[in-house]
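Structure assessment
The primary structure of each chain is shown beneath.
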Amino acid sequence: QVQLVESGGGLVQAGGSLRLSCAASELIFRRSTMAWYRQGPGKQRELVAGFSSGSTTNYADSVKGRFTISRDNAKNTVYLQMNSLKPEDTAVYYCKMVIVATGYELWGQGTQVTVSA
């Protein structure tokens, strides 16, 4: 069964940094696009950062200049480096994979990020 395994969430003070990781099985990772979403308390899930075609990246306006998405194909892992964190970044962060050939979507279990003021 294909799974996405997320890690790296936690509690951090405002201005701090965290790095989230999302690992997938090798068979599908290289044939997929990856993205990070988040859902804050009482809010809808929103796109934070993602890869579109090839290595092109896109970011939510609220995180531009602070967050960086990257992927390591050798480790079948996508990362979200989050710097200069703000309390409003507090949310459950989800990794999403889309298999390009079929459009099949898979979500990770989510990892909590809490930023204290």
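Preceding this paragraph is the structure being described.
Residues numbered from 1 in each chain as written. Predicted model: local features only at pLDDT ≥ 70, side-chain atom pairs only at ≥ 80, totals over all residues. Heavy atoms only, no water.

Turning to the sheet that holds strand E8 (residues 77-82), a few remarks are in order. Overall, antiparallel pairing links the four strands, which are arranged E1-E3-E8-E7 in an open sheet. Strands with a single pairing partner mark the edges of an open sheet, and in this sheet they are strand E1 (4-7) and strand E7 (67-72). Neighbour-to-neighbour, the strand axes of this sheet turn through a mean angle of 15°, independent of strand direction. As defined by bridge partners, E1 adjoins strand E3 (residues 18-24) across four bridges and the pair is classed as antiparallel. Of the residues in E3, the one forming a bridge with Ser7 is Ser21. (Pairing = 2+ DSSP bridges. Helix = DSSP H or I, 4+ residues; strand = E, 2+ residues; numbered from the N terminus. Axes fitted to C-alpha atoms, helices over the stretch in contact; angles between N-to-C directions.)

We now examine the packing of aromatic side chains. To describe a pair of aromatic rings, you give the distance between the ring centres and the angle between the ring planes. Under the counting rule described, the total for this entry stands at two aromatic pairs. An angle of 85° between the planes, with centres 6.4 Å apart, marks the rings of Tyr94 and Trp107 as edge-to-face. One end of the pair, Tyr94, is in strand E9 (residues 91-99); the other, Trp107, is in strand E10 (residues 105-107), with 13 residues separating them in the sequence. Look at Tyr94 and you get buried, because its relative accessible area is 14%. The class of Trp107 is partly exposed, set by a relative accessible area of 31%. Here the basic side chain of Arg45 rests over the ring of Tyr94, its NZ or CZ set 3.7 Å away from the ring centre. If you follow Arg45 out to its NZ or CZ, it ends over the ring of Trp107, 4.7 Å from the centre. (Phe/Tyr/Trp six-rings, centres within 6.5 Å; stacked < 30°, edge-to-face > 60°. Buried < 20%, exposed > 50% of the residue type's maximum accessible area, 1.4 Å probe, protein only. Lys NZ or Arg CZ within 6 Å of the ring centre and 35° of its normal.)

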